[in-house]
Amino acid sequence: MILLSLLSILLPDHSMAAATSPGVDVAKTGISPKFATAYHVSDWLQYSPSQLELVIRLGERRVYVYNNTQLVTSYPIAIGRNGWETPIGHYQVIQMIEDPIWEHPLNGDIIPPGGDNPLGSHWIGFWTDGTNYIGFHGTPNEETVGQAVSHGCVRMFNRDVLALFNKVQLGTPVIVEP
């Protein structure tokens with residue numbers, strides 16, 4: 001599991017904003033179809049952040065974004081590895097942090113925001129036991145997207161977690177399915 005320092009929640013330069021954003025032109029990215037982000041542009045015309053729902057399908061290694069039950073887009077993801085599985089269940093977005101601070105779950109080392117931070121530039125938390133947190137985040141190791149390699153979190157391409165961050169809000173439902 002990824003542990004976030006409580007300092008990252010309290011520092012004033014860590015915004016918890018949510019806003020809408022248009023999609024990225026996937027045709028120009030050069031990413032293979034297995035790891036491409038699918039956008040359905042016509043669905044964005046009726047986009048409403050309050051009616052969004054995120055569905056993670058662990059077996060597919062994708063997160064699907066629904067707006068009022070209509071599929072809007074999906075993103076490839078990495079999930080928790082054996083012994084650190086991403087928890088199945090119904091949750092909601094409980095944290096949104098730009099430039100998060102990461103605390104190593106095993107040795108407690110603190111990694112500040114920046115290029116070496118395993119969380120990338122954005123964090124969207126949806127699970128906690130009061131000490132540990134699990135959520136969506138970017139990664140400096142984008143080759144890991146599509147694999148079961150995390151400490152329970154949902155790793156995404158940096159551009160995808162930024163797009164997701166700009167669509168969701170606190171309270172957005174997150175459903176994790178096998």
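Anything mentioned here points back to the structure above.
Residues numbered from 1 in each chain as written. Predicted model: local features only at pLDDT ≥ 70, side-chain atom pairs only at ≥ 80, totals over all residues. Heavy atoms only, no water.

Participant: So what's going on with the sheet that holds strand 8 (residues 95-98)? Which residues, and what values?
Facilitator: The sheet built from four strands is open, its strands ordered 8-11-12-14 with mixed pairing. Here the strands that pair on one side only, and so sit at the sheet edges, are strand 8 and strand 14 (154-155). Direction of pairing for strand 12 (residues 133-137) relative to strand 14: parallel, over a ladder of two bridges. By the bridge assignment, Phe 136 is partnered in strand 14 with Val 154. Across the sheet, helix 3 (residues 158-165) lies against strand 8, strand 11 (122-128) and strand 12, angled at about 70° from strand 11, the strand it touches most. (Pairing = 2+ DSSP bridges. Helix = DSSP H or I, 4+ residues; strand = E, 2+ residues; numbered from the N terminus. Contact = heavy atoms within 4.5 Å. Axes fitted to C-alpha atoms, helices over the stretch in contact; angles between N-to-C directions.)

Participant: So what's going on with the side chain of Thr 139? Which residues, and what values?
Facilitator: Relative to the helices and strands, Thr 139 resides in the loop between strand 12 and strand 13 (148-150). A polar atom in the side chain of Thr 139 sits 3.0 Å from the backbone nitrogen of Asn 141. The residues touching Thr 139, leaving out its near neighbours within four places in the chain, are Pro 118, Gly 120, Thr 144, Val 145, Arg 155, Met 156 and Asn 158. (Polar contact = N/O pair within 3.5 Å; in protein donor to acceptor, adjacent residues only side chain to side chain.)

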